[in-house]
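# Summary of structural features
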Amino acid sequence: METAVNEGVDFEEMFQHLPVGVVFQNIRGEIITANSAAEGILGVPIDRIKGRDLFSPKWQAINEKGLPLSVDDNPAIKAIRTGKAVKNFTIGFTHTYLDHYKWISVDAIPQFKNNAEKPYQVFSTIVDVTEKIKARYKLHSSEERYKTLMDNLQTSVLIIQDGIIKFANNALSEKSGYSLPELFGKNFKKFLHPEEEKIINQYYYQRFNGGNPPDSYRLKALRKDGQFIWMNVKVRLIEYEGKMSLLVLMDDIHAQVQFEERLKKSEANFRKLFEKAPVGIALVNQHGYMVLANDSLCQILGYTKEEFSKLHFKDFSHPADMPRDIELFNQLRSGSRDSYEMEKRYFHKSGKIIWAELKVSIMRHSQDGQDLIIGMITDRIEQKQAREELIFTKEKAEESNRLKSAFLATISHEIRTPLNAILGFSDIIQNTSQDREALEYSSIIYENGHNLLTIMDDILELALAENGKISVRPEKFKLNELFNQFCQHLSEIIYKAGKDSIKMHCHFDPVLKHEYIVLDRSKTYQVIMNLMKNAVKFTHEGHIELGCCRKSQNTVSFYVKDTGIGIDEKTLSIIFEFFRQGDDSQTRKYGGIGVGLAISKRIAEAMKGDLKVESTPGEGSVFEFIIPHDS
């Protein structure tokens, strides 16, 4: 039976699809074969390194201390020489196929034939731990810098090493009632409720022995006064002072747990809440018959609960509203939707028509394994009044917005006229005067006047954008010629900014070499120039890449990628809003009024395209201008 099963297994295919890298080496350390995962992790085609040592000198392999990896330290060689497995050995390396160091964790296991004393080959599993090593070193180097932050966090933080508390912040001291000296150096289990000790011991063992314990859970901790407190615990494995330790974050959820426990015991209160809710609530089975109705529904429609229990919801619904209601109800039952809303008419028991808003959702497997539908009925009059007030407020806001835009356009025009005169005369002085002081003053006047003119242009663009007056004049252009012009502009921007140390890369997808595109050149120029200027403004070292590639069958992407200061997650959510930038310190340092990206976004949308951004603080940003394009 076992042979039959094995014959049905494609072991080669299974080997190639293992989720970890696997490498087989002979007793000389030369590679015999490896799977696809190993090829991906090592970053080099396996056929290029077959028959060679996995970590030859060309690989510049190093250990975790940054020292060159000796032959004796090579885990495969060590496993072959000693006949014992070498596990969790971390190696860093790079080679001609990589542009950075990569870190892997190696488990090397010797293989023996027929109980031989010496192995004939070694079987190694490799796992990419690059990000883990980076995080480890980053945490180690910034430990002191973040200690103050940890001490002021509301979240309790502690570091446990070999079961002993090595670090704790003030929040933990306040929550537990122990002073920091009373916490440091103590076994963490001393502060656990006795009920928690068994499961925490299990988690602790699993975490350091390759298990998979939960990263987040609840536990009861003991306070100094003998009382216990519920905490939500999040645990991460880190390196601390050169040794693997546990970073533990704990939040006080005592009140929340108490509330949940009370909630479990308060079925009667929930029933009371259902009954006394200010809106009509009904539970209906999947066939549409009433299961339960609350007091408000009885009051709204005039039926008693007993009378409702004998009715189908169509019995008190207006016939004209039933087709739509039945259609949505059936979709709810089939699972194609989870809820729906509609305005509909009901018949009061007295016969009068009642307009109401109906909100319906489904509770699956709620009663005897059957689905129940819950419907909420509210008086439509209040909603209608609120809607009318909202429409009035919206119209007032739109009117205010129109007045503001008109004002901005007028102010921009009125300021531009005298400003052009100032720029003109300052330019004349620079070209005619021989007085050094006059030339210096006129240069300052011209530079600042030009900056003010740029702001006025932004304000005018803002007024046009808010009024929806961005006009698009499409023309046909050859993509590569347009891209080359943008590259020249980027070079000029970098030069004028005095940032010659920044490297510039231009990447044009060869597939698009002979492609033409229909777009508004001036608007495209405006967007790309804004993205390039921003990239230069916020990048102090590294490189800026301008690229053009096919995004999809019907779109082309211009992108600007930099290694600048980056944008935090909070700012990313508002980056395309008017007058929104990073914090005030950035505004003071880099200038601008926060309209360039907002205008660019609206131009992209007016061209039936889009403007997107991805960014990591401290690493850089990628802005992508996507434009429709049919091949």
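Look up a bit, the structure's there.
These lines cover the structure that appears in this document, whether it is placed above or below. Given the structure is predicted, the values throughout are model-derived calculations rather than measurements. (Residues numbered from 1 in each chain as written. Predicted model: local features only at pLDDT ≥ 70, side-chain atom pairs only at ≥ 80, totals over all residues. Heavy atoms only, no water.)

On a plain count of helices and strands, the chain comes out with 22 helices and 22 strands. A total of 631 residues make up the chain; the buried ones form 39% of that total. Long-range contacts, defined as pairs at least 24 residues apart, comprise 52% of the intrachain contacts of the chain with a sequence gap of at least 6. With an accessible surface of roughly 37,400 Å², the chain has 53% of that area assigned to carbon and sulfur atoms. (Helix = DSSP H or I, 4+ residues; strand = E, 2+ residues; numbered from the N terminus. Buried < 20%, exposed > 50% of the residue type's maximum accessible area, 1.4 Å probe, protein only. Contact = heavy atoms within 4.5 Å. Areas by Shrake-Rupley, 256 points an atom, 1.4 Å probe, with all protein chains shown as cover.)

What follows is about helix H10 (residues 197-208). Its 12 residues give H10 an end-to-end C-alpha distance of 17 Å, which sits within 8% of 16 Å, the value for a rise of 1.5 Å per residue. Restricting attention to buried positions, one finds in H10 the residues Ile200, Tyr203, Tyr204 and Arg207. Down the axis, H10 shows its buried residues gathered within 100° of arc, on one side only. Exposed side chains of H10 directed beyond 90 degrees from the buried face belong to Lys198 and Tyr205. Buried residues in H10 make contact with strand E6 (156-161), strand E8 (216-222), strand E9 (228-240) and strand E10 (243-252). Backbone geometry just after H10 places Gly210 at a positive phi near 80°. (Expected span 1.5 Å × (residues − 1). Arc of directions from axis to C-beta.)

Attention now moves to unusual backbone geometry. Not every positive phi belongs to a glycine, and Asn115 is a case in point at roughly 60°. In this structure, Asn115 sits in the loop between strand E4 (102-111) and strand E5 (121-128). Judged by relative accessible area, which is 79%, Asn115 ranks as exposed. The phi dihedral of Lys608 falls on the positive side, at around 65°, and the residue is not glycine. Secondary-structure assignment places Lys608 in the loop between helix H22 (596-606) and strand E21 (610-616).

Bringing the environment of Glu545 into the picture now. Within the fold, Glu545 resides in strand E19 (residues 543-552). By relative accessible area, which is 18% here, Glu545 ends up buried. C-alpha of Glu545 to C-alpha of Thr563: the two residues are 18 residues apart in sequence and 9.2 Å apart in space. A polar atom in the side chain of Glu545 sits 2.6 Å from the side chain of Tyr559. (Polar contact = N/O pair within 3.5 Å; in protein donor to acceptor, adjacent residues only side chain to side chain.)

To continue, consider the pattern of salt bridges. Using the criterion set out here, one finds 20 salt bridges in the structure. Two residues, Asp610 and Lys601, come together in a salt bridge whose shortest N-O distance is 2.8 Å. What you see here is one network of salt bridges that share partners, running through Glu64, Arg136 and Glu239. (Salt bridge = Lys/Arg side-chain N within 4 Å of Asp/Glu carboxyl O.)

So, on to the state of the cysteines. One pass over the full model with this rule turns up one disulfide. With its sulfur 2.5 Å from that of its partner, Cys487 forms a disulfide with Cys506. Here the residue Cys487 occupies a position in helix H18 (residues 479-496), and Cys506 occupies one in strand E17 (residues 503-508), the gap between them amounting to 19 residues. Residue classification places Cys506 among the partly exposed positions, given a relative accessible area of 35%. The closest cysteine sulfur to the non-disulfide-bonded Cys548 is located on Cys549, 6.7 Å from its own sulfur. (Disulfide = S-S within 2.5 Å.)

Attention now goes to the packing of H18 against helix H19 (residues 521-537). Between H18 and H19, the shortest axis-to-axis distance is 10 Å and the interhelical angle comes to 35°. Crossing hand, H18 versus H19: right-handed. Facing H18, whose interface residues are Leu482, Gln485, Phe486, His489, Leu490, Ile493 and Ile494, H19 presents Arg521, Thr524, Tyr525, Ile528, Met529, Met532, Lys533 and Val536. Considered class by class, the residues forming the contact of H18 with H19 number 10 nonpolar, three polar and two charged. (Axes fitted to C-alpha atoms, helices over the stretch in contact; angles between N-to-C directions. Left-handed = near helix turned anticlockwise from the far one by under 90°. Nonpolar A, V, L, I, M, F, W, Y, C, P; charged D, E, K, R; others polar.)

This next bit is on the side chain of Asn530. For Asn530, the location among the structural elements is in helix H19. Ignoring any residue separated from it by four or fewer positions in sequence, one finds Asn530 in contact with Gly596, Leu597 and Ser600.

It is worth spelling out the sheet that holds strand E22 (residues 620-628) at this point. Taken in spatial order, the five strands line up as E17-E19-E20-E22-E21 in an open sheet, and their pairing is mixed. Every other strand in the sheet has two partners, leaving E17 and E21 as the edge strands with one partner each. Mean inter-strand twist for the sheet, computed between neighbouring axes without regard to direction, equals 15°. Relative to E22, strand E20 (residues 555-562) is paired through seven bridges, and the arrangement is antiparallel. In the sheet register, Tyr559 faces E22, and the bridge partner there is Glu624. (Pairing = 2+ DSSP bridges.)

A few words now on a nonpolar patch on the surface. A contiguous nonpolar surface patch, about 290 Å² in accessible area, is contributed by Met14, Leu18, Val20 and Val127. With respect to the element layout, Val127 can be found in strand E5. The exposure class assigned to Val127 is partly exposed, which follows from its relative accessible area of 38%. (Patch = residues over 30% accessible without salt bridge, like charges linked within 9 Å, V, L, I, M, F, W, Y side chains within 5 Å.)

As a further point, take the sheet that holds E9. Two pairing modes exist for strands in a sheet, parallel and antiparallel, and in both the strands are linked by backbone hydrogen bonds. Read from one edge of the open sheet, five strands run E7-E6-E10-E9-E8, paired in antiparallel fashion. Each edge of the sheet is formed by a strand with only one pairing partner; in this case those strands are strand E7 (164-168) and E8. On average, each strand axis in the sheet is inclined to that of its neighbour by 40°, with strand direction left out of account. Two elements, E9 and E10, share 10 bridges in a ladder whose sense is antiparallel. Paired with Arg236 across the bridge in E10 is Leu247. In the packing of H10 onto the sheet, the strands contacted are E6, E8, E9 and E10, and the crossing angle to E10 comes to about 140°.

A word on the packing of H19 against H22. Interhelical geometry of H19 versus H22 gives an angle of 145° and a closest axis separation of 10 Å. Relative to H22, H19 is oriented so that their crossing is left-handed. For the pair H19 and H22, contact is made by Lys523, Gln526, Val527, Asn530, Leu531 and Asn534 and by Gly596, Leu597, Ile599, Ser600 and Ile603, respectively.

So, about the nonpolar core. Leu479, Leu531, Met532, Leu546, Cys548, Phe558 and Phe625 are the most contacted members of the largest nonpolar core, which totals 43 residues. Among the elements of the structure, H18, strand E18 (516-519), H19, E19, E20, H22, E21 and E22 are those that each provide at least two residues to this core. Ranked by residue count, the leading element in this core is H18, at eight residues. Among residues more than four places away in sequence, those in contact with Phe558 are Leu479, Leu482, Phe483, Phe486, Ile528, Gly547, Cys548, Phe623, Glu624, Phe625 and Ile627. In this structure, Ile46, Phe55, Val86 and Val106 belong to the second largest nonpolar core, which totals 27 residues. (Core = buried A, V, L, I, M, F, W, Y, C linked by side-chain atoms within 4.5 Å.)

On the secondary structure map, Ser124 appears in strand E5. Other than its neighbours up to four places away in sequence, Ser124 contacts Gly21, Val22, Val23, Gln25, Val106, Asp107 and Ala108.

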